[in-house]
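Here is what each chain is made of, one letter per residue.
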Amino acid sequence: MQVKKLICKNFKNILETELEFSQNMNVICGENAQGKTNIIEALWLFSGAKSFRNTKDNNFINFNCENASIYSEFIFEGVQKTAKIEFSDKKQAFINGKKTKNVSDLAECYKAIVFSPSDLSLVCDGPKERRKFLDVSIGCLYPKYIEILKNYSRAVIQRNQTIKEYKYDGSLSVMLDVFEKEIAENGEKIIKYRKKYIETLNNYLPEIYNNMSSGKEKIKTVYVANICDNIIEKLKESRKEDMYTGITSVGPHRDDISFFINGNDARTFGSQGQKRCVALSLKLSGANVLKEISGEYPVCLLDDVMSELDPKRQNYILNHIKDMQSFITCCDPLNTKGLKDGKIFKIKDGKLI
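Attention in this report is confined to the structure presented alongside it.

This next bit is on the side chain of Asp256. Here Asp256 lies in strand E10 (residues 256-261). Assessed through its relative accessible area of 18%, Asp256 is described here as buried. Among the polar contacts made by the side chain of Asp256, one reaches the side chain of Arg130 at a distance of 2.6 Å. Sequence-distant contacts of Asp256, defined by excluding residues within four places in its chain, comprise Pro127, Arg130, Val222, Tyr223 and Val224.

Here it is as structure tokens:
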């Protein structure tokens, strides 16, 4: 897909700005707190998802205004469309001028991926962030997965509540049997989906990371399963230990992903630039998976991606993201000198200069 135009009115510090974009690379330059990321955030909101900055809806409206709006013209599956989101006492969305039932309905015709500095948590933080990445990515491709995940999570919570009392009341084993059966059935499906996604991701990730490092580094991605099979047996075996902790100790809610750069664990031994490249490569690979499954490339939104990258990696970002329309924020104009095909927008005080 391709975004042709964006109009923001009273959106944060952007009172009224209209931008017409290149179909290739779009670099948004400016000093800090001038509105660069606000533009990326506006583009992301058309995906129907919540703010990647955890901005509350009422905070999208400029301090001196009562309402705000963002409007976009874009092409999806070869058809030109319009989308608008209005912010007042509530948030409303429109596609081709018609109001949608929910803002999330925008996701049906607007696809995007976003990278922000917080995504370094995919490499630096604990396994929860990596599981979340998997679950969100898979859920976007297979809505059925979301229901499986909900059923699994509910059963784990129910088992956690019950296992605490199990040491006082052995008759609760009947209830545990029910919850453990549901955990096992849904857990096996979750593991299957996750492994399939990682397998598809690995069709793109090694090449993207290798190219970003100018062929000097190779990445290996491994799905680390807490347990792969016989989940129900392992749950029964863990009852004695779990009844003292009150936590279900086995299952895919304990799984992780490991990244190795030239054989070394990226989380432990990777530099900040390498970790940033791993997280970015994950997002770009996810975009290719989305194209493979859905047939449509998403818009690529990259916030503050150039910092801590050497010139060669910066050049890759500027000139070698293929087939996807991309948007990058950048503080230092010197980082954009190597741009070969695209447009550069300079933003100051929320205005295009």
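Following the structure, the description resumes.
Spatial strand order, E2-E1-E4-E5-E6-E7: six strands in an open sheet with antiparallel pairing. A single partner strand is all that each edge strand has here, and the edge strands are strand E2 (14-20) and strand E7 (98-99). Across the face of the sheet, helix H1 (residues 36-45) comes into contact with strand E1 (2-11), E2, strand E4 (68-76) and strand E5 (79-87) while running at roughly 115 degrees to E1.

Their axes nearest at 8 Å, the elements helix H6 (residues 205-212) and helix H11 (residues 311-319) cross at an angle of 125 degrees. As summarised for this structure, H6 and H11 are arranged oblique, according to the angle between their axes. Here Ile208, Tyr209, Asn211 and Met212 of H6 come into contact with H11, specifically with Arg313, Tyr316 and Ile317. Tallied by class, residues from the contact of H6 with H11 come to five nonpolar, one polar and one charged.

Turning our attention to the nonpolar core. The biggest cluster of nonpolar side chains holds 62 residues, and the ones touching the most others in it are Leu284, Leu302 and Ile317. Considering every element that reaches this core, the biggest residue donor is helix H10 (residues 272-294), with nine residues. In this structure Leu284 touches Ile113, Ile208, Met212, Cys300, Ile321 and Met324, once residues within four positions along its chain are discounted. The next biggest cluster of nonpolar side chains, apart from the first, holds 39 residues, and it includes Ile28, Phe46, Ile85 and Phe87.

Below, the discussion takes up a negative patch on the surface. Together, Glu185, Glu188, Asp229 and Glu233 make up a negatively charged patch on the protein surface. Topologically, Glu188 is positioned in helix H5 (residues 173-201).

Taken together, six strands build an open sheet; the order of strands is E8-E12-E13-E3-E14-E15 and the sheet is mixed. Each edge of the open sheet carries a strand with a single partner, namely strand E8 (112-115) and strand E15 (351-352). With three bridges connecting them, strand E12 (residues 299-302) and strand E13 (residues 326-330) associate as parallel partners. Residue pairing across strands places Cys300 opposite Ser326, the latter belonging to E13. Its contacts with the sheet place H1 against strand E3 (25-29), E8, E12, E13 and strand E14 (342-348), and it is angled at close to 155 degrees to E13. Strand contacts of H11: E3, E12 and E13, with the helix running at about 120 degrees to E3, the strand carrying the most contacts.

Quick look at the state of the cysteines now. All told, the structure shown has zero disulfides when counted by the stated rule. This cysteine, Cys300, is not joined by any disulfide, and Cys277 carries the nearest cysteine sulfur, 13 Å off. For Cys300, a relative accessible area of 0% translates into the label buried. Free of any disulfide, Cys330 has its nearest neighbouring cysteine sulfur in Cys29, separated by 4.5 Å. The exposure class assigned to Cys330 is buried, which follows from its relative accessible area of 3%.

The next point concerns the environment of Gln92. Structurally, the position occupied by Gln92 is in strand E6 (residues 91-95). Taking C-alpha positions, Gln92 is 6.4 Å from Val103, a pair spaced eleven residues apart along the chain. Not counting the four nearest positions on each side in its chain, Gln92 is found in contact with Lys84, Ile85, Glu86, Lys99 and Val103.

Below, the discussion takes up the packing of aromatic side chains. In this description, a pair of aromatic rings is defined by centroid distance and the angle of the planes. Tallied over the entire structure, the rule returns nine aromatic pairs. Judged by centre distance (5.9 Å) and plane angle (45 degrees), the ring pair of Phe11 and Phe87 falls under tilted. Here Phe11 is found in strand E1, whereas its partner Phe87 is found in strand E5, with 76 residues between them in sequence. Considered together, Phe11 and Phe87 belong to a single accessibility category, that of buried residues.

Classification of Gln92 as buried rests on a relative accessible area of 17%. One polar contact links Gln92 to Lys99, side chain to side chain, over a distance of 2.7 Å.

For the rest of this paragraph, the subject is the pattern of salt bridges. Opposite charge on two side chains makes pairing possible when the charged atoms of those side chains draw close. One pass over the full model with this rule turns up 19 salt bridges. A salt bridge links Lys5 to Glu20; its shortest N-O distance comes to 4.0 Å. Highlighted residues: Lys5 in strand E1 and Glu20 in strand E2, separated in sequence by 15 residues. Take Lys5: its relative accessible area is 18%, and that puts it in the buried class. By relative accessible area, Glu20 is classed as partly exposed at 44%. Taken together, the shared-partner salt bridges in this structure form one network comprising Arg159, Asp177, Glu180, Lys236, Arg239 and Asp242.

Reading the values: rules and limits
Residues numbered from 1 in each chain as written. Predicted model: local features only at pLDDT ≥ 70, side-chain atom pairs only at ≥ 80, totals over all residues. Heavy atoms only, no water. Helix = DSSP H or I, 4+ residues; strand = E, 2+ residues; numbered from the N terminus. Buried < 20%, exposed > 50% of the residue type's maximum accessible area, 1.4 Å probe, protein only. Polar contact = N/O pair within 3.5 Å; in protein donor to acceptor, adjacent residues only side chain to side chain. Contact = heavy atoms within 4.5 Å. Pairing = 2+ DSSP bridges. Axes fitted to C-alpha atoms, helices over the stretch in contact; angles between N-to-C directions. Parallel < 35°, antiparallel > 145°, perpendicular 65-115°, else oblique. Nonpolar A, V, L, I, M, F, W, Y, C, P; charged D, E, K, R; others polar. Core = buried A, V, L, I, M, F, W, Y, C linked by side-chain atoms within 4.5 Å. Patch = residues over 30% accessible without salt bridge, like charges linked within 9 Å, V, L, I, M, F, W, Y side chains within 5 Å. Areas by Shrake-Rupley, 256 points an atom, 1.4 Å probe, with all protein chains shown as cover. Salt bridge = Lys/Arg side-chain N within 4 Å of Asp/Glu carboxyl O. Lys, Arg positive; Asp, Glu negative; His and termini not counted. Charge placed at Lys NZ, Arg CZ, Asp CG, Glu CD. Disulfide = S-S within 2.5 Å. Phe/Tyr/Trp six-rings, centres within 6.5 Å; stacked < 30°, edge-to-face > 60°.

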